[in-house]
Amino acid sequence: MFDQLTKLKEKAVREIKNSKVLKELHNLEVKYLGRKGELTKLLRQVKDLAAEEKPKFGQLGNEIKEELNQLISEIKFELNKKEKAGSSKEKWLDVTLPGRKFIKGHLHPNSLIQYQLEDVFSRMGFIILEGPELESEYYNFEALNIPPTHPARDMQDTFFIKDKTGWVMRTHTSNMQVRTIEKYQAPLRAVFPGRCFRYEATDVSHDTTFYQLEGLMIDKDISIDNLIAVMKVLLKEVLKREVKIRLRPGYFPFVEPGFELDVNCLICGGKGCPVCKHSGWVEMVPCGLVHPNVLKYGGLDPKEWSGFAFGLGLTRLVMMKYGIDDIRLLQSGDLRFLQQF
Ligand code: DAH
């Protein structure tokens, strides 16, 4: 019987080692070690042995059982690994593979310039405010001394809101002038960056949506000198170079006197191109001294207070700074364009 036991062990070890799949291994486990398994059956025959042989047989039997169990769990581990790798590759994590690089977004060129401007103006003591894009005709026009008959209100320029008489998509950031004076009174320094809308036929330098950055300073004895000084700091800081500028008279109902500040076209260097309409100059900052009526609308006495205002074409500045020759690219969402910034 001892012999039988050893033989059984050899056979079991051979078969277990040869098993190729988990299922086969499981069957062998049952075949030898199960309740009705060969080894179990053989061990039950201990009762037929002579008394002095019983303990020895029992001990050997247990050792074999132990050995087979150990062998089965080792083989099970190996087969498990093999089968997992083979059946579904996703489940197998290879921690040695290099990580996948994920694509990071970045700021739009408009935002880049806007934040830069905000920084320049904050350092000069200006607060930064945002205003509504859907605006009443009152703040967009009336309070800016633009009467109902003014051409700026013409259907060609303004998006009026259907079923909401008296409301428009703001045509400029100047809508914030009187709102701000009403709220903060004087003295006051503020800039208002934001999106504006015009009913335009689009081309390389016109779009229906664009950005401006408006500025307003009100204090005692503000003059054109203050305006020019601030404009110079602004352009130098943003364009990072000295640019040629020129100031010519311009008419805007909410400033008196009013000016157009032009910058020498940075795209063509002044030679003439479609962006500067072949003039060599680009209108960059319309500006002027705040009209007394605007101060009055805001509740200030024009005899006591004066100020300057400007409406920087943020979108234009972005185009100048980066040499973008078509305004429509900025709103296009075209990644080939955007990824360059
Ligand atoms: N709001 C004007 C426009 O969009 C620009 C402008 C002109 C703003 C003169 C000003 C200013 O503050 O003083 O055409």
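Read on for a plain summary of the structure. (Residues numbered from 1 in each chain as written. Predicted model: local features only at pLDDT ≥ 70, side-chain atom pairs only at ≥ 80, totals over all residues. Heavy atoms only, no water.)

### A word on the packing of aromatic side chains
Then, in step 1: Scanning all chains against the criterion turns up 10 aromatic pairs.
Then, in step 2: Taking the centre distance of 5.5 Å and the plane angle of 20° together, the rings of Phe121 and Phe310 count as stacked. Taken together, the residues Phe121 in helix H5 (residues 109-123) and Phe310 in strand S9 (residues 306-313) connect sequence positions 189 residues apart.
Then, in step 3: The buried category is assigned to Phe121, whose relative accessible area is 0%.
Then, in step 4: Between Tyr138 and Tyr297 the ring centres are 6.0 Å apart and the planes differ by 80°, which places this aromatic pair in the edge-to-face class. Remark: Tyr297 occurs in helix H9 (residues 292-297) and Tyr138 occurs in helix H6 (residues 137-140); sequence separation between them is 159 residues.
Then, in step 5: Given a relative accessible area of 30%, Tyr138 falls into the partly exposed group. (Phe/Tyr/Trp six-rings, centres within 6.5 Å; stacked < 30°, edge-to-face > 60°. Helix = DSSP H or I, 4+ residues; strand = E, 2+ residues; numbered from the N terminus. Buried < 20%, exposed > 50% of the residue type's maximum accessible area, 1.4 Å probe, protein only.)

### Considering the pairing of strand S4 (residues 188-197)
Then, in step 1: S4 sits mainly inside the fold: eight of its 10 residues count as buried.
Then, in step 2: Direction of pairing for strand S1 (residues 127-128) relative to S4: parallel, over a ladder of two bridges. Its bridge partner being in S4, Ile127 is matched across the sheet by Ala190. (Pairing = 2+ DSSP bridges.)

### Observations regarding the site of the ligand
Then, in step 1: With respect to spatial proximity, 15 residues lie near the ligand, and among them His172, Ser174, Arg198, Gln212 and Glu214 are the closest.
Then, in step 2: Within the backbone of Ala309, one N or O atom sits 3.1 Å away from an oxygen atom of the ligand.
Then, in step 3: Here the ligand, which alone exposes 360 Å², has 91% of that area covered by the protein.
Then, in step 4: Elements with a minimum of two residues in the shell around the ligand: strand S5 (209-219), strand S8 (281-290) and S9.
Then, in step 5: Grouping the constituent residues of the shell around the ligand by class yields seven nonpolar, six polar and two charged. (Near = heavy atom within 4 Å. Polar contact = N/O pair within 3.5 Å; in protein donor to acceptor, adjacent residues only side chain to side chain. Areas by Shrake-Rupley, 256 points an atom, 1.4 Å probe, with all protein chains shown as cover. Nonpolar A, V, L, I, M, F, W, Y, C, P; charged D, E, K, R; others polar.)

### Describing the nonpolar core
Then, in step 1: Judged by nonpolar contacts, the single largest core of 43 residues is most densely connected at Leu117, Phe121, Phe308, Phe310 and Leu312.
Then, in step 2: Within the residue set of this core, elements represented by two or more residues are H5, S5, helix H8 (224-239), strand S7 (255-264), S8, S9, helix H10 (314-322) and helix H11 (335-338).
Then, in step 3: With seven residues, the top contributor of residues to this core is H8.
Then, in step 4: In contact with Leu117, other than residues within four places in its own chain, are Leu213, Leu234, Val238, Leu312, Leu314 and Leu317.
Then, in step 5: In this structure, Tyr139, Val168, Ala186 and Leu188 belong to the second largest nonpolar core, which totals 25 residues. (Core = buried A, V, L, I, M, F, W, Y, C linked by side-chain atoms within 4.5 Å. Contact = heavy atoms within 4.5 Å.)

### Considerations on the state of the cysteines
Then, in step 1: For the coordinates displayed, the defined rule picks out zero disulfides.
Then, in step 2: Unpaired in terms of disulfides, Cys265 finds its nearest cysteine sulfur in Cys268, a separation of 3.6 Å.
Then, in step 3: Of all cysteine sulfurs, the one in Cys268 lies closest to Cys276, which takes part in no disulfide; the gap is 3.7 Å.
Then, in step 4: Note on Cys276: relative accessible area 3%, which makes it buried. (Disulfide = S-S within 2.5 Å.)

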